[in-house]
Amino acid sequence: MADREEYQSLVDDDDEDNDDVSRHMSPLCDPRHLLHRIVVLVFMCFLGFGSYFCYDNPAALQTQVIQDMSLNTASFMQLYAWYSWPNVVLCFLGGFLLDRVFGIRLGTIIFALFVLLGQIIFAAGALANHFWLMNLGRFVFGIGGESLAVAQNTYAVNWFKGKELNLVFGLQLSMARLGSTVNMNVIGWVYGRIQSMTGSAGHTTLGITLMIAASTCLFSLICALVLGFLDRRAEKILNKEQGKTGEVIKLTDVKDFPFSLWLIFIVCVAYYVAIFPFIGLGQVFFIEKFSFTTVQARAINSIVYIISAPASPLLGFLVDRTGRNVLWVMLAVVTTLLSHMMLAFTFWNPWIAMCLLGLSYSLLACALWPMVAFVVPEHQLGTAYGFMQSIQNLGLAVMSMAAGSILDIKGYLFLEVFFIACLCLALLAVVLLYLYDYHKEGELNLSASTRTRRAKSEDVQRLRVHQQAVDDREHLKPLSPFGLRNRYLSRLGVQVTENTLKHLMLQQKPGLFSINLSGKILLF
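Note that this is a predicted model, so its numbers are computed, not measured.

1. A closer look at helix α8 (residues 104–127)
Its 24 residues place the ends of α8 35 Å apart at the C-alpha level, agreeing with the 34 Å of an ideal helix rising 1.5 Å per residue. Looking one or two residues beyond α8, the residue adopting positive phi is N129, at roughly 60°.

Below, the structure written as C-alpha cells:
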C-alpha cells in the first residue's frame, strides 16, 4: 500500500512538473496546445507530397519519355510496374519494420531517403540514357513510397485522437491529391523551360527535369527530419511512447478469410487496374482522339485527382451517415463503367466522363476499404489490409504491362475495351458480394442506424455472457471449511443458533442458502 501511494505521488509530481513546463512555453512550442499540433500537421501533410508528386512523373511526361528514351508503350508502362513490385511484399513488412525494427521516427526518415534516392536514380538513368537504370530507380522509389504512407498515418494517430483524426486523414489525402495534380500540370512546363534553355529535347533535358522533380522528395525528407525532432521533443516533455502502426500480420490468417473478403479483393484489383494505368496513358489518348493540346491533355488527365481532393472527405461523411456500403460500391463501379464507355465509343466532351470518373473513384475508396472491417475480426485486420494492398500492387504491376502491350498492338480503342472488361468483372464481383451478404445476413449493406442498433445489442449480449461466466465461476468456487461444515449440518437438519446464522450471513453470498421456519439451513 505504501509503495502504491509513493508511486502515485511520483506520478502526480511528474504531472505537476509537466504543467509547470507547459505554463512557461508559448502555445507554438507546447505539444499539448492545438497551435503546436497544427504546425506538426503541416509537416505531416507535406511528408508525402514529394512521393505523390514524383509517382506520376511518367504520366505527365508520357510523350517526352517515350520519344527521348526511344521506347514503346509496353516498356514505358514498366516504370509503373517496377514501382508496384516491391510493394507486393512490403505491404506486409512496412508496419512491422516501423514497429519492431526502426521505430516511427527513424523508419520515416529511412523511407523518405528511399523515395529521394529512387527519384535521383530515375533521373540519372535518363541523363545517362540507360532505361534499365530508370527502372531500378522506380523500384527503389517504390520501396519507400507505400511504407512512407504507413508512417504518415502512424504519426497522425499518435498526434491526433477521436474526431480530429478523421479530419487529419482527409487533409492528408487532399495533400496527396494536390501533389499529383501539381505534377500533372507543372512538370511538363518545367520540361519545356529546360528545353528552351538547352536548345533541344532529348534524354538530357528529361534527366534534368526529373532531377528538379527530386527536389520535392528532398523537401519531404526535410519534413521527416523535422517531424522526428518534434516527436522526440514531445516524447520527452509529455513522457509518451513512440507511435506504432498497430498492425498485426499473420499469414496463417489467410486460410480463415471469408468468401466475402475475397470478393472485396477482386473488386479492388479489377477496379483500380482500370484507373491508374488509364491515367498513366491518358495524356496521349486525349491528344490523339479529341485533338487536345498538351496543356489541355494534362489538365483533363489530372481532373480525377483534383476532384478527389475535396470530394473524398465529403463522400466519406456521406457513406458513414448512410451505410449501405455495397450499394455505394456498386454505384461507383457502374458510373466508372459509363465513364469509360463514353470515352471509348463517343466523341462527347471528355470533361463530362472524367469528372464522373473522379467522383466515382472517390466514392469507391470511401465505401470499399472500410468494408474489410465488417467481415474479419479485429485481430485479422492487419493481415487483411496488407493482403489487399499486396494483391492490388500485384494486379497493377501485371496489368500496367498488359495495358502497354495492348496499346502497342491494338490501339486505344482495344485498351478501353480491356478496361471495360475489368470493370465488368468488378461489377460481377459486387453483385455476388451483395447476394452473399444478403444470404448470410451480414453487415456490409446495412444502414448506419441498423449497424448501430446491432452493435449495441451485441455489446449487451457480450456483457450478459461475461456476467454469466462470472456467476458460474462464483458457484464453482470451493467452500471454506466453515461452509463445508455447515452444508453437512444442513443435510442432517441440525438447527443452528442465532450467532451462527449471523456468521453465515457474513460468509455466504445471497441466494446460496435459505432458512426454513424451523430454523433449519437449506443450502443450494
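2. What to know about unusual backbone geometry
Its identity is not glycine, yet S70 carries a phi of approximately 55°, on the positive side. Here S70 lies in the loop between α5 (62–68) and α6 (73–84). Not every positive phi belongs to a glycine, and N129 is a case in point at roughly 60°. Its place among the elements puts N129 in the loop between α8 and α9 (131–159).

3. A closer look at the nonpolar core
Of all hydrophobic cores here, the largest spans 131 residues; its most connected members are F286 and L368. Looking at this core element by element, the count peaks at 11 residues for helix α20 (residues 412–440). In contact with L368, other than residues within four places in its own chain, are I264, V267, C268, V329 and M388.

4. Details of the environment of G125
In this fold, G125 is placed in helix α8. Classification of G125 as buried rests on a relative accessible area of 0%. For G125, the residues in contact, after removing those within four places along its chain, are M69, H130, L133 and M134.

5. Considering the packing of aromatic side chains
If you walk through the whole model with that rule in mind, you get 30 aromatic pairs. Between Y55 and Y83 the ring centres are 4.8 Å apart and the planes differ by 65°, which places this aromatic pair in the edge-to-face class. A residue pair is termed long-range when its members are at least 10 positions apart, and Y55 in helix α3 (residues 49–55) and Y83 in helix α6 qualify at 28 residues. On the basis of relative accessibility, which here comes to 15%, the residue Y55 falls in the buried class.

6. Points about the pattern of salt bridges
According to the stated counting rule, one finds 4 salt bridges in the structure shown. Among the ionic pairs, E235 bridges to R105, the shortest N-O distance being 2.9 Å. Placement of E235 in helix α11 (residues 203–238) and of R105 in helix α8 is noted, with a sequence separation of 130 residues between them. Judged on exposure class, the residue E235 and its partner R105 are both buried.

7. Quick word on a nonpolar patch on the surface
Taken together, I266, L327, L425, L428, V431, L432, Y434, L435 and Y438 make up a surface patch of nonpolar side chains, about 830 Å² in accessible area. When residues of the nonpolar patch are assigned to their parent elements, the largest contribution, 7 residues, is made by α20. Assignment of secondary structure puts I266 in helix α12 (residues 259–272). Residue I266 is classed as partly exposed on the basis of its relative accessible area, which comes to 38%.

8. Structural notes on helix α13 (residues 276–290)
Given a rise of 1.5 Å per residue, 15 residues ought to cover 21 Å, and the 20 Å separating the end C-alpha atoms of α13 matches this to within 8%. G282 marks where α13 bends most, by close to 55°. Most of α13 sits inside the fold, with 12 of its 15 residues counted as buried. Considered for burial, the residues of α13 that qualify are F276, P277, F278, I279, G280, L281, G282, Q283, V284, F285, F286 and F290. Positioned one or two residues after α13, S291 has a phi angle of 55°, which is positive.

9. Some remarks on the side chain of S174
On the secondary structure map, S174 appears in helix α10 (residues 163–198). A distance of 2.8 Å separates a polar atom in the side chain of S174 from the backbone oxygen of A309. With residues near it in sequence (within four places) discarded, S174 still touches A309 and P313.

10. Things to note about the state of the cysteines
Applying the stated rule across the entire model yields 0 disulfides. Not engaged in a disulfide, the cysteine C217 finds its nearest cysteine sulfur in C54; these two sulfurs lie 3.5 Å apart. Overall, the relative accessible area of 1% leaves C217 in the buried class.

11. Observations regarding the side chain of S180
Mapped onto the secondary structure, S180 falls in helix α10. Excluding residues within four positions of it along the chain, S180 makes contact with Y52 and Y305.

12. Points about the packing of α12 against α20
It is at 8 Å that the axes of α12 and α20 come closest, and there the two elements cross at 160°. Taken as axis vectors, α12 and α20 run roughly antiparallel relative to one another. Relative to α20, the crossing made by α12 is left-handed. For the pair formed by α12 and α20, the contact residues are F259, S260, L263, I264, I266, V267, A270 and Y271 on the first element and C422, L423, L425, A426, A429, V430, L432, L433 and Y436 on the second.

13. A closer look at the confidence of the model for the chain
With 78% of its residues at a pLDDT of 70 or more, the chain has an overall mean of 82. The lowest-confidence element of the chain is strand β2 (residues 521–523), averaging 43 in pLDDT; the highest-confidence one is helix α16 (residues 325–345), averaging 96. The low-confidence segment residues 509–524, where pLDDT is below 50, has 33 contacts with residues more than four positions distant or belonging to other chains.

Procedures and definitions
- Residues numbered from 1 in each chain as written.
- Predicted model: local features only at pLDDT ≥ 70, side-chain atom pairs only at ≥ 80, totals over all residues.
- Heavy atoms only, no water.
- Helix = DSSP H or I, 4+ residues; strand = E, 2+ residues; numbered from the N terminus.
- Expected span 1.5 Å × (residues − 1).
- Core = buried A, V, L, I, M, F, W, Y, C linked by side-chain atoms within 4.5 Å.
- Buried < 20%, exposed > 50% of the residue type's maximum accessible area, 1.4 Å probe, protein only.
- Contact = heavy atoms within 4.5 Å.
- Phe/Tyr/Trp six-rings, centres within 6.5 Å; stacked < 30°, edge-to-face > 60°.
- Salt bridge = Lys/Arg side-chain N within 4 Å of Asp/Glu carboxyl O.
- Patch = residues over 30% accessible without salt bridge, like charges linked within 9 Å, V, L, I, M, F, W, Y side chains within 5 Å.
- Areas by Shrake-Rupley, 256 points an atom, 1.4 Å probe, with all protein chains shown as cover.
- Bend = angle between axes of the 7 residues up to and from the residue.
- Polar contact = N/O pair within 3.5 Å; in protein donor to acceptor, adjacent residues only side chain to side chain.
- Disulfide = S-S within 2.5 Å.
- Axes fitted to C-alpha atoms, helices over the stretch in contact; angles between N-to-C directions.
- Parallel < 35°, antiparallel > 145°, perpendicular 65-115°, else oblique.
- Left-handed = near helix turned anticlockwise from the far one by under 90°.
- pLDDT = per-residue confidence, 0-100.

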